[in-house]
Amino acid sequence: MPTPDLSRLGEIRSDWTLEEARGVFALPFNDLLFHAQRVHRQNFDPNRVQVSTLLSIKTGACPEDCAYCPQSVRYETHVGREELLDLGDVLDAAQAARRNGATRFCMGAAYRNPKPKQLEQIKAMVREVRALGLETCATLGMLTPDQARELKDAGLDYYNHNLDTSEAFYGEIITTRTYQDRLDTLAAVRDAGLNVCCGGILGMGESDLDRVQLLLTLATLPQHPESVPINQLVQVEGTPLHGLPALDPLDLVRTIATARLLMPKSYVRLSAGRTDMSDAVQALCFLAGANSIFHGEKLLTTPNPGQTRDEELFARLGLRPEAGSAAPAA
Ligand code: SAM
Ligand code: DTB
Ligand code: SF4
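How each quantity is defined
Residue positions are given per chain, counting from 1 as you read along its sequence in written order. Key to labels: chains lettered from A, ligands numbered from 1, both in the order written. Predicted model: local features are reported for residues with pLDDT of at least 70 only, side-chain atom pairs are reported and counted for 80 or more only, and whole-chain, interface and lining totals are derived from all residues. Calculation of side-chain values draws on the structure's entire complement of heavy atoms; hydrogens and water are dropped beforehand. Residues belong to one nonpolar core when they are buried, are Ala, Val, Leu, Ile, Met, Phe, Trp, Tyr or Cys, and are joined through side-chain atoms within 4.5 Å. Buried, partly exposed and exposed residues are distinguished by accessible area as a fraction of the type maximum, computed with a 1.4 Å probe on protein chains only: under 20%, between the cut-offs, and over 50%, respectively. Helix numbers and strand numbers start at the N terminus; a helix is a DSSP run of H or I with at least 4 residues, a strand a run of E with at least 2. Pairs of residues are marked as contacts when any of their non-hydrogen atoms sit within 4.5 Å. Where helices are involved, their axes are fitted lines through C-alpha atoms of the stretch in contact, as for all axes, and angles between N-to-C directions lie from 0 to 180°. Two helices crossing with the near one rotated counterclockwise from the far one by less than a right angle form a left-handed crossing, whereas a clockwise rotation gives a right-handed crossing. Just so you know the grouping, Ala, Val, Leu, Ile, Met, Phe, Trp, Tyr, Cys and Pro go in nonpolar, Asp, Glu, Lys and Arg go in charged, and all remaining residues, Gly too, go in polar. We count a salt bridge whenever a side-chain nitrogen from Lys or Arg sits within 4 Å of a carboxyl oxygen from Asp or Glu. Being paired, for any two strands, means DSSP has found at least two bridges between them. Handedness is read with the strands pointing away from the viewer; a crossover is right-handed when the path from the first strand over the helix to the second is clockwise. Two rings belonging to Phe, Tyr or Trp (six-membered ring only in the last case) form a pair when the distance between their centres is within 6.5 Å. Interplanar angles under 30 degrees mark stacking, angles over 60 mark edge-to-face geometry, and anything in between is tilted.

Requested: an account of the nonpolar core, with residues and values cited.
Proteins that are soluble and globular tend to have nonpolar side chains buried together. Ile57, Tyr68, Leu140 and Leu252 are the most contacted members of the largest nonpolar core, which has 92 residues in total. When residues in this core are grouped by element, the largest group, seven residues, is from helix H9 (residues 249-262). Setting aside its immediate chain neighbours within four residues, Tyr68 contacts Asp164, Ile173, Ile174, Arg182, Ile201, Met204, Leu233, Val234, Thr239 and Leu241. Among the nonpolar cores identified, the runner-up in size contains seven residues, and Cys106, Ala272, Phe294 and Leu299 belong to it.

Can you break down the packing of helix H3 (residues 87-99) against helix H4 (residues 116-131) residue by residue, with the values?
Following both chains from N to C, one finds H3 and H4 inclined at 30 degrees, their axes separated by 10 Å at the closest point. The hand of the H3/H4 crossing is right-handed. On the side of H3, the interface is formed by Leu87, Val90, Leu91 and Ala94, while H4 contributes Ala124, Met125, Glu128 and Val129. Here the residues of the contact of H3 with H4 are counted per class, giving seven nonpolar, no polar and one charged.

Which residues make up the pattern of salt bridges, and what are the values?
Inspection of every chain in the model, using the stated rule, returns 19 salt bridges. Linking Lys123 and Glu120 is a salt bridge whose minimum nitrogen-to-oxygen distance equals 3.0 Å. Of this pair, Lys123 and Glu120 both sit in helix H4, three residues apart, roughly one helical turn. A residue is classified by how much of its surface remains accessible, and Lys123, at 9% relative accessible area, is buried. For Glu120, a relative accessible area of 45% gives the class partly exposed.

Lay out the pairing of strand E7 (residues 227-232) in plain terms, naming residues and giving numbers.
A large share of E7 lies buried, amounting to six of its six residues. Here E7 shows no split at all, with Ser227, Pro229 and Asn231 on one side and Val228, Ile230 and Gln232 on the other all buried. Judged from the three bridges that link them, strand E6 (residues 200-202) and E7 form a sheet pairing that is parallel. Bridge pairing in E7 links Leu202 to Gln232. Remark: the E6/helix H8 (residues 208-219)/E7 crossover connection has right-handed handedness.

Let's hear about the packing of aromatic side chains: which residues, and what values?
Within the structure shown, the criterion is met by two aromatic pairs. On the numbers, 4.9 Å between centres and 70 degrees between planes, the contact of Phe44 with Tyr267 is edge-to-face. A residue pair is termed long-range when its members are at least 10 positions apart, and Phe44 in the loop between helix H2 (29-43) and strand E1 (48-58) and Tyr267 in strand E8 (residues 267-270) qualify at 223 residues. By relative accessible area, Phe44 is classed as buried at 13%. On the numbers, 5.2 Å between centres and 75 degrees between planes, the contact of Tyr170 with Tyr179 is edge-to-face. There is no split in this pair, since Tyr170 and Tyr179 are both buried.

If you want it as structure tokens, here you go:
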């Protein structure tokens, strides 16, 4: 594997080649972490972590067949079918998130794509959550350009839509929508002026090359996503991916460091899977350039470490939550 030009690490580029990205990923571990931390410090306060809270506003019975997902209607899991939450319940959760120090509130729905009536209800949620002084994020499946613009007009700050893995491995995981469908939604979101949150999942049986190719696809978009969630697969009984060998934590760290180097100014979120990670692994992820997490007891339908464990982790590492950028409530 040729060594990449180390003097160029830190540049914001959308013209990375596969050879270069593979070279970064394959650097000796200490070199990789050194450069990732160096570039991280050029762009961010190394001791600040952005904190978001997730709420599942529509749970279960999703028509898609994503092999990792407990919410697919095709798999028998602990997740039942629920209706779209009422505005009042969403606002209660948003207020609690704000009290607990979150600066961004992300609303997730188990949809293939939102229908017009659902979008109207969700726009009202976005408006009201933003009025609380929280940044808003939504993940609702595929969007048309018009829907993306409507959400932007309602005050949405971020839209999360993951590529999940490389184009080559994608067909092993999802058959009900294409990689191009996902790229089209990302383009609609970007064109509407929304911030893009896009990443993937590790531990689904993908190779190192798949990991590099996912990051390369993200890093060669016309503009890097502002936020790149790296999820470790949460294995849920009843889903096809339950029972796979556990991810090697050093592969997770390596992937995060590569994301930091390919997309120096993007927030890299250590997303799902933290309940299965030791403090030491999470510390290495932060050293590698991760600077955002979800906090709270629950992700969408699976457990997350919770307030106490995260406060202890932050105290042990001298980390502090980042202040929010949304306008305070009038
Ligand atoms: N239904 C919408 C969609 O798929 O775009 C939005 C919600 S979906 C649950 C959001 C993301 O959560 C997925 O793209 C996937 O990356 C992640 N995810 C879902 N189940 C997961 C699991 N078991 N482990 C890790 N990440 C998971
Ligand atoms: C993302 O990349 N990870 C979050 C968020 N975006 C929506 C979701 C993780 C879901 C984990 C499985 C669950 O709790 O259902
Ligand atoms: Fe549905 Fe999203 Fe789960 Fe796929 S990841 S099954 S689209 S909720």
